[in-house]
Amino acid sequence: MPRVLLLLVLLVSFVTHANTVLILGDSLSAGYRMNAQQAWPQLLARQWQAENRQVELINASVSGDTTQGGLQRLPSLLERHQPSLVLLELGGNDGLRGLPPPLIESNLEQMITLAHQAGAKVILTDIQLPPNYGRRYLQQFSAIFARLSDAHQLPLLPFFVAPLIGENGMIMDDGIHPTADAQPLIVRQVHAFLTPYLKDNG
């Protein structure tokens, strides 16, 4: 291949993949009980595309996933996609199962380390549990995310379900998952928070 053409190919590849955003989450990001195209990550990708931002978004979220499952899946995802930014949205299912907070924190910390070692920025999502899990457990659980954010100097995305609670038609009948109608509102929150961390945010 001629040298000039090779340089052009490399330049186009760099521009096209200026931002590769990997979302590693659970049902809150996987589009639970809805068409995948309705889920907020797909809507976010389309919004960035409409803004002519060079972003490849990979939604690796799986309904029911835990921090242990995310930790097992992350190395291959990092190798395959080489993301510039990783959004971690995990821990809710661990909490709903009453798993020990130190275990949850350890799994998240290992994921943060792996992502940093792969050269990616990490944004952590704050997670909140329903209020019926007991004060002590809720305090221990909620402290995980602020502590990791402080320890690793990570941006902490506020729990995007919180503003939807109590709003008519925004939460499914299980009391946990946002509806399809709520997805654009989640996009509004996440877009405002994540966009400044893109390489081409201007």
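Residues numbered from 1 in each chain as written. Predicted model: local features only at pLDDT ≥ 70, side-chain atom pairs only at ≥ 80, totals over all residues. Heavy atoms only, no water.

Undergrad: I'm lost on the packing of helix 4 (residues 67-81) against helix 6 (residues 101-117) in this one. Help?
TA: If you want to describe how two helices pack, look at the angle between their axes and the distance between the axes. Packing of helix 4 against helix 6 brings their axes to within 9 Å, and their N-to-C directions diverge by 10°. By the criterion of interaxial angle, the relationship of helix 4 to helix 6 is roughly parallel. Between helix 4 and helix 6, the residues in contact are Thr-67, Gln-68, Gly-70, Leu-71, Leu-74, Pro-75 and Leu-78 and Ile-104, Asn-107, Leu-108, Gln-110, Met-111, Leu-114 and Ala-115, respectively. Class assignment for the residues of the contact of helix 4 with helix 6 results in nine nonpolar, five polar and no charged. (Axes fitted to C-alpha atoms, helices over the stretch in contact; angles between N-to-C directions. Helix = DSSP H or I, 4+ residues; strand = E, 2+ residues; numbered from the N terminus. Parallel < 35°, antiparallel > 145°, perpendicular 65-115°, else oblique. Contact = heavy atoms within 4.5 Å. Nonpolar A, V, L, I, M, F, W, Y, C, P; charged D, E, K, R; others polar.)

Undergrad: How do you make sense of helix 8 (residues 183-194) when you look at a structure like this?
TA: Count 3.6 residues to each turn of an α-helix, and residues three or four apart come out pointing the same way. Compared with the 16 Å implied by 1.5 Å per residue over 12 residues, the 16 Å span of helix 8 between its first and last C-alpha is a close match. Buried residues of helix 8: Gln-183, Ile-186, Val-187, Val-190, His-191 and Leu-194, and no others. Considered in projection along helix 8, the buried side chains sweep an arc of 130° and stay on one side of the axis. Facing away from the buried side of helix 8 by over 90 degrees, the exposed positions are Arg-188 and Ala-192. (Expected span 1.5 Å × (residues − 1). Buried < 20%, exposed > 50% of the residue type's maximum accessible area, 1.4 Å probe, protein only. Arc of directions from axis to C-beta.)

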